[in-house]
Amino acid sequence: MARTPGELVGARPDPAFEITVDGRTVTALPGQSIAAALWGAGILAWRTTRGDGRPRGAFCGIGQCYDCLATVNGEPNRRACLLPARPGDAITTQEGHGHAGLGV
Ligand code: FES
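Being a predicted model, the structure only gives us computed values, none of them experimental.

Draft legend 1. Highlighting the overall build of the protein chain. Along the protein chain, the regular secondary structure elements total two helices and eight strands. The linear arrangement of helices and strands in the protein chain, starting from the amino end, is α-β-β-α-β-β-β-β-β-β. Seen along its three principal axes, the alpha-carbon backbone of the protein chain occupies a region of about 50 × 25 × 20 Å. Residues counted as buried form 33% of the 104 residues belonging to the protein chain. Here the protein chain has roughly 6600 Å² of accessible surface; of this, 53% comes from carbon and sulfur atoms. Each charge class in the protein chain can be summarised by its mean position, and for the 10 positive and 9 negative side chains these summaries are 6 Å apart.

Right, here's the structure in full:
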């Protein structure tokens, strides 16, 4: 019988909570990064490139490539792979440099 990593270490995680991604409700687990929560929900891209608007999501997963930039709670250019998900976080797809809606 296969056991999960959580079962092997006897972990008792806190309950899951909800975040939103472009208005869609996604379930996240305590300790999960925003990128991990999005992957878990089957969302693989949450940003478009500046030049030609190509979709991007997490690539390195360790904070080095900046492919995972997202707008989190209205703040653009947050690295989703490093940012822990928190209950009620509102993630929106970031287009281009992420400042279009800020009048910059
Ligand atoms: S996935 Fe590379 S910085 Fe986040």
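Draft legend 2. Geometry of the sheet that holds strand 5 (residues 69–72). What the five strands build is an open sheet, ordered 2-1-7-5-6; its pairing is mixed. In this open sheet, the two edge strands, each paired with only one partner strand, are strand 2 (24–28) and strand 6 (75–79). Along the sheet, successive strands turn relative to each other by an average axial angle of 40°, direction set aside. In the sheet, strand 5 pairs with strand 7 (residues 90–92) via two bridges, with the strands oriented antiparallel. Along strand 7, the bridge assignment pairs T71 with T92.

Draft legend 3. Focus on the sheet that holds strand 4 (residues 55–56). On the basis of which strands lie adjacent, the open sheet formed by three strands has the order 4-3-8 and mixed pairing. The strands lining the two open edges of the sheet, one partner per strand, are strand 4 and strand 8 (94–95). Summarising the sheet, strand 3 (residues 47–48) and strand 8 pair through two bridges and their orientation is parallel. By the bridge assignment, R47 is partnered in strand 8 with Q94.

Draft legend 4. Just unusual backbone geometry, in detail. One non-glycine residue, Y66, lies in positive phi territory at about 65°. Counting through the fold element by element, Y66 comes out in the loop between strand 4 and strand 5. Even without being glycine, N73 reaches a positive phi, approximately 55°. Following the sequence through the fold, N73 ends up in the loop between strand 5 and strand 6.

Draft legend 5. How the structure looks around the pairing of strand 2. Pairing of strand 1 (residues 17–21) with strand 2 involves five bridges; the strand directions are antiparallel. In the sheet register, I19 faces strand 2, and the bridge partner there is V26.

Draft legend 6. Structural context of the pattern of salt bridges. Here the structure, examined in full by the defined rule, presents three salt bridges. R47 is the partner of D67 in a salt bridge, and the nearest nitrogen-oxygen pair spans 3.2 Å. Pair noted here: D67 is in the loop between strand 4 and strand 5 and R47 is in strand 3, with a separation of 20 residues, a long-range link. Each of the two residues, D67 as well as R47, counts as buried. Across the pair D52 and R54 runs a salt bridge whose closest N-O atoms are separated by 2.9 Å. For D52, a relative accessible area of 51% corresponds to the exposed category.

Cut-offs applied
Residues numbered from 1 in each chain as written. Predicted model: local features only at pLDDT ≥ 70, side-chain atom pairs only at ≥ 80, totals over all residues. Heavy atoms only, no water. Helix = DSSP H or I, 4+ residues; strand = E, 2+ residues; numbered from the N terminus. Buried < 20%, exposed > 50% of the residue type's maximum accessible area, 1.4 Å probe, protein only. Areas by Shrake-Rupley, 256 points an atom, 1.4 Å probe, with all protein chains shown as cover. Lys, Arg positive; Asp, Glu negative; His and termini not counted. Charge placed at Lys NZ, Arg CZ, Asp CG, Glu CD. Pairing = 2+ DSSP bridges. Axes fitted to C-alpha atoms, helices over the stretch in contact; angles between N-to-C directions. Salt bridge = Lys/Arg side-chain N within 4 Å of Asp/Glu carboxyl O.

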